[in-house]
Amino acid sequence: MSPEQEQKREAIRKALREVKNLPTLPGIISKLTKMADDPDTTTEQMGRTISKDHILAAKLLKLVNSAFYGFPQRISSLSSAIILLGFNVIKSLIISASIFELMEDQDMELWEHSLGCAVVCNVLAKRLGVSDPEEVSTAGLIHDLGKVAIKMELPGESEQVSALVVSRQINRFEAERELLGLDHAEVGGWLAKSWNLPAKLVEPISCHHDPSLAKAEPLAAAIVHFADIVIRGMGYGHGPDIWVPALAPRAWELLRLKPVDIDEMLAEVEEKLWDVKGFSLDIKAEAQSATQVPKG
Amino acid sequence: MNMSRLLVAGSPGFLPPAARTLLEAKGYQLKVCEQLPEAVALVLEDPPDLLLLEKGFVGDGDQRLIKAVSGCLQKGNIPIILVLELTELETELDWGVYPVDDIVTLPLVPSLLLARLQLAEARMMRVFDNNPLSRLPGNTSILRAMQRVLASGNDYAVCYVDIDNFKPYNDRYGFSRGDEVILMVARIIVNVIEEKAREGSFIGHVGGDDYVFIIKAEKAEEVCRQIIDNFNMVRNLFLNAEDIAAGAFVGLDRRGQETRFPLLSISIAVVTTGEGRYRHSGEIAAAASQLKHYVKRLEGSNYLIERRDSCVSGQEMSAA
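What counts as what
Residues numbered from 1 in each chain as written. Chains lettered and ligands numbered in written order. Predicted model: local features only at pLDDT ≥ 70, side-chain atom pairs only at ≥ 80, totals over all residues. Heavy atoms only, no water. Helix = DSSP H or I, 4+ residues; strand = E, 2+ residues; numbered from the N terminus. Buried < 20%, exposed > 50% of the residue type's maximum accessible area, 1.4 Å probe, protein only. Contact = heavy atoms within 4.5 Å. Areas by Shrake-Rupley, 256 points an atom, 1.4 Å probe, with all protein chains shown as cover. Lys, Arg positive; Asp, Glu negative; His and termini not counted. Charge placed at Lys NZ, Arg CZ, Asp CG, Glu CD. Phe/Tyr/Trp six-rings, centres within 6.5 Å; stacked < 30°, edge-to-face > 60°. Lys NZ or Arg CZ within 6 Å of the ring centre and 35° of its normal. Core = buried A, V, L, I, M, F, W, Y, C linked by side-chain atoms within 4.5 Å. Buried area = accessible area lost by both parts, 1.4 Å probe. Salt bridge = Lys/Arg side-chain N within 4 Å of Asp/Glu carboxyl O. Polar contact = N/O pair within 3.5 Å; in protein donor to acceptor, adjacent residues only side chain to side chain. Nonpolar A, V, L, I, M, F, W, Y, C, P; charged D, E, K, R; others polar. Pairing = 2+ DSSP bridges. Axes fitted to C-alpha atoms, helices over the stretch in contact; angles between N-to-C directions. Disulfide = S-S within 2.5 Å.

- For chain A, an unreviewed UniProt entry supplies the name Metal dependent phosphohydrolase and the organism Desulfurivibrio alkaliphilus.

In structure tokens form, the structure reads like this:
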């Protein structure tokens with residue numbers, strides 16, 4: 001890498017280190033606020049809703065793993081985070097998350113992609129008998145954290161990347177490397193690490209395009225990598241970049257899937273994705289009606 | 001020199017420059033927030049030592065911020081000082097809606113504001129017998145809470161919680177991991193009670209791995225069950241994979257001999273106070289200690305509720 005590139009990388013790294021708040025969907029916020037106001041809502045129900053939003057889920061994990069709550073780099077599942085933080089803190093978190101109420105179509109797509117990836121991770125992790133499948137699906141849910149951070153903190157560069165994807169017909173990952181000297185997987189990994197998230201989450205995020213880099217959690221990284229490809233192949237969340245990333249041979253070796261596994265897995269995934277589709281239509285409808293009715 | 005971190009939440013320009021200068025000269029580190037989400041995020045992620053809050057801050061944002069502060073477990077008692085117009089006191093304010101520690105009126109007088117902040121801090125130190133780790137009230141408050149319950153004559157459940165095999169865990173994993181486990185159990189208890197039995201409840205930390213909570217007797221069973229369920233759900237996050245696989249860990253017993261200890265679990269001994277069974281908190285403690293002796297001998301996480309005529313017990317549902 002040339003000194004210039006190295007310098008640029010350092011500048012970007014610095015800009016991204018400052019990311020404290022990531023945007024989240026307004027639809028899910030109003031849904032959660034409604035749930036929070038209802039005394040009959042249980043923590044579990046709330047958790048299920050939160051698990052459908054990759055940004056909010058990431059914030060929740062960041063909070064419970066911060067030095068403040070005393071469990072540094074320990075908590076990797078959403079249900080545990082909710083048990084330890086409690087209902088009140090989560091309600092407050094929703095308020096602080098509502099700072100970003102602007103979302104564009106692209107983000108809706110990314111959100112669907114993240115959610116879909118989490119579904120595939122979950123199905124795959126269960127099939128492979130991983131001890132905590134929820135952890136792997138959380139990693140799947142937040143694996144593209146870096147994309148959100150780049151878009152928020154470096155909007156200009158992010159647009160250039162999109163333009164490069166279209167003009168050169170390359171995928172986003174390559175365009176990021178070319179233009180920024182780094183990619184969203186790496187950025188997501190830094191961010192997750194700086195939030196004290198456990199290695200179980202950091203590695204699958206930072207290695208989701210190249211699981212052979214994973215040292216501590218190779219299987220989780222391989223699952224997220226494969227799930228990312230599967231869900232892209234199914235048409236979830238491509239943006240301008242229509243190319244499905246290549247499958248890493250190392251991941252394929254680790255997963256040891258047979259054709260029949262894949263058939264069964266896809267059937268199961270299809271079924272679960274119906275829920276996701278339903279949910280995202282719900283949110284879209286709510287977001288639309290919210291913009292039509294003046295706020296009281 | 002004061003080193004307190006003061007969060008000021010109010011509309012732009014609400015803190016006069018003179019007041020700001022005086023507070024900063026006295027060593028307060030000020031963080032001024034004009035937006036609710038920003039203020040709430042700060043309370044959640046990096047709680048201040050004191051909060052100076054303008055009444056009517058972004059609509060009912062003031063109340064939401066107060067809630068966020070009182071939900072902040074890591075810093076139990078952040079004193080809140082509410083700033084309002086004198087005229088607002090003419091129609092009495094509902095202090096239940098504004099559970100604050102003190103008020104100051106507009107226009108802000110720098111020296112008076114400083115005195116109020118200092119007093120609030122001094123008062124907090126005085127009443128603070130809280131456990132430094134969990135920030136839960138300590139023994140003095142526990143005794144007071146028990147006497148209050150006894151005097152009320154209503155049926156309350158006094159519940160003693162402790163962690164089984166905590167000492168060998170601490171020996172094997174080290175003090176800081178041990179502290180995490182103590183915090184985890186405190187958090188679970190607080191959150192379950194907040195959700196299921198908030199009204200009239202009390203939670204205290206005797207010290208080490210011993211806690212006491214007091215709730216209405218009819219809630220005891222539900223709360224104990226939920227605490228044990230939640231404990232079982234998060235417990236493995238505090239254990240190494242090899243110990244989980246082995247289902248036990250090896251440590252030294254009291255006589256220094258190598259022994260296999262079962263993995264962490266919790267025991268809850270519950271004494272109910274109804275029908276004037278006890279006159280003094282010491283009697284409750286004695287009854288609980290007998291009960292605890294019994295419940296601790298059972299394998300896994302358990303609770304045992306002693307009522308007038310019978311005992312209700314519950315074994316852990318499953319450790320999955």
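### Concerning the overall build of chain B
- Summing up its helical and strand segments, chain B has 10 helices and 13 strands in all.
- Dimensions of chain B, computed from the C-alpha atoms along their principal axes, are close to 65 × 50 × 30 Å.
- The buried share among the 320 residues of chain B stands at 49%.
- Partitioning the intrachain contacts of chain B with sequence separation of at least 6 by distance along the chain shows that 66% fall at a separation of at least 24.
- As displayed, chain B has an accessible area near 15200 Å², and 51% of this comes from carbon and sulfur atoms.
- In chain B, 34 side chains carry a positive charge and 43 a negative one; their mean positions are 4 Å apart.

### Side note on the packing of aromatic side chains
Residue and element names in this part refer to chain B.
- Across all of its chains, the model carries seven aromatic pairs over all chains by this definition.
- Measuring from centroid to centroid gives 6.5 Å for Phe249 and Phe261, while their planes differ by 40°, and the two rings are tilted. You can see Phe249 sitting in strand S9 (residues 248–252) and its partner Phe261 sitting in strand S10 (residues 258–262), a full 12 residues away along the chain. Take Phe249 and Phe261: they sit in the same class, and that class is buried.
- Just above the ring of Tyr173 sits the side chain of Arg172; from NZ or CZ to the centre is 5.7 Å.

### Re the nonpolar core
Residues and elements named next belong to chain B.
- Judged by nonpolar contacts, the single largest core of 156 residues is most densely connected at Leu65, Met184, Phe213 and Ile268.
- Once residues within four sequence positions are removed from consideration, Phe213 is found in contact with Ala157, Val158, Cys159, Val161, Ile189, Ile193, Phe202, Ile203, Val223, Ile227 and Ile268.
- One finds Ile142, Tyr156, Tyr160 and Val212 within the second-largest nonpolar core, a separate group that totals 20 residues.

### As for unusual backbone geometry
Residue and element names in this part refer to chain B.
- With an omega of -5°, the peptide bond between Leu106 and Pro107 qualifies as cis.
- Tracing the backbone through its elements, the reader meets Pro107 in the loop between strand S5 (102–105) and helix H4 (110–127).
- Positive phi values are uncommon outside glycine, yet Val58 reaches one of about 30°.
- For Val58, the location among the structural elements is in the loop between strand S3 (50–54) and helix H3 (61–70).
- Overall, the relative accessible area of 44% leaves Val58 in the partly exposed class.
- With phi around 65°, Arg135 is a residue other than glycine that occupies positive phi space.

### Digging into the interface of chain A and chain B
- Contacts between the two partners involve 28 residues from chain A and, on the opposite side, 28 residues from chain B.
- Interface area for chain A against chain B, summed over the two sides, is near 2600 Å², with a carbon-plus-sulfur share of 63%.
- Three residues, Phe68(A), Arg74(A) and Ile83(A), lead the burial of chain A against chain B; their summed loss comes to 27% of the area buried on that side.
- The interface formed by chain A and chain B contains two salt bridges.
- Between Glu45(B) and Lys62(A) there is a salt bridge, with its nearest N and O atoms 3.7 Å apart.
- On inspection of chain A and its partner chain B, the count reaches three residue pairs in polar contact (both at pLDDT 80 or more).
- Contributions of two or more residues to the side of chain A that touches chain B are made by helix H4 (54–65) and helix H5 (78–97) of chain A.
- Tallying contributions element by element places H5(A) first for the side of chain A that touches chain B, with 12 residues.
- Classifying every residue of the side of chain A that touches chain B by side-chain character gives 13 nonpolar, 12 polar and three charged.

### Observations concerning the pattern of salt bridges
- The tally for this structure, following the rule as stated, stands at 29 salt bridges over all chains.
- The salt bridge involving Asp261(A) is made with Arg127(A); its shortest N-O contact spans 3.1 Å. With a gap of 134 residues between them, Asp261(A) in helix H15 (residues 259–292) and Arg127(A) in helix H6 (residues 105–127) connect regions that are remote in the sequence.
- Residue classification places Asp261(A) among the buried residues on the basis of a relative accessible area of 14%.
- By relative accessible area, Arg127(A) is classed as partly exposed at 30%.
- Taking the shortest distance from any N to any O, the salt bridge between Arg177(A) and Asp183(A) comes out at 2.7 Å.
- Among the charged side chains, a salt-bridge network with shared partners connects Asp162(B), Asp164(B), Asp210(B), Lys292(B) and Lys296(B).

### A short note on the sheet that holds strand S4 (residues 80–84) of chain B
All names here are of chain B.
- Sheet architecture is open: five strands sit in the order S2-S1-S3-S4-S5, paired in parallel fashion. Because the sheet does not close on itself, it has two edges, and the strands there are strand S2 (29–33) and S5. Along the sheet, successive strands turn relative to each other by an average axial angle of 20°, direction set aside.
- Relative to S3, strand S1 (residues 5–9) runs parallel, the two being bridged by four bridges. Bridge pairing in S3 links Val8 to Leu52.
- Sitting on the sheet, H3 touches S1, S3 and S4, and the angle it makes with S3 is about 165°.

### Concerning the environment of Trp190(A)
Residues and elements named next belong to chain A.
- Of note, Trp190 is situated in helix H11 (residues 184–194).
- The spatial distance from the C-alpha of Trp190 to the C-alpha of Gly233 is 27 Å, given a sequence separation of 43 residues.
- Excluding anything up to four places from it in sequence, Trp190 contacts Arg13, Leu16 and Leu182.

### Re the pairing of strand S7 (residues 202–207) of chain B
- Strand direction decides the pairing type here: S7(B) and strand S8 (residues 210–216) of chain B, joined by five bridges, are antiparallel. If you follow Gly204(B) over to S8(B), its bridge partner there is Val212(B).

### Things to note about the state of the cysteines
- Inspection of every chain in the model, using the stated rule, returns zero disulfides over all chains.
- Free cysteine: Cys224(B), not disulfide-bonded; nearest cysteine sulfur from Cys159(B) at 4.9 Å.

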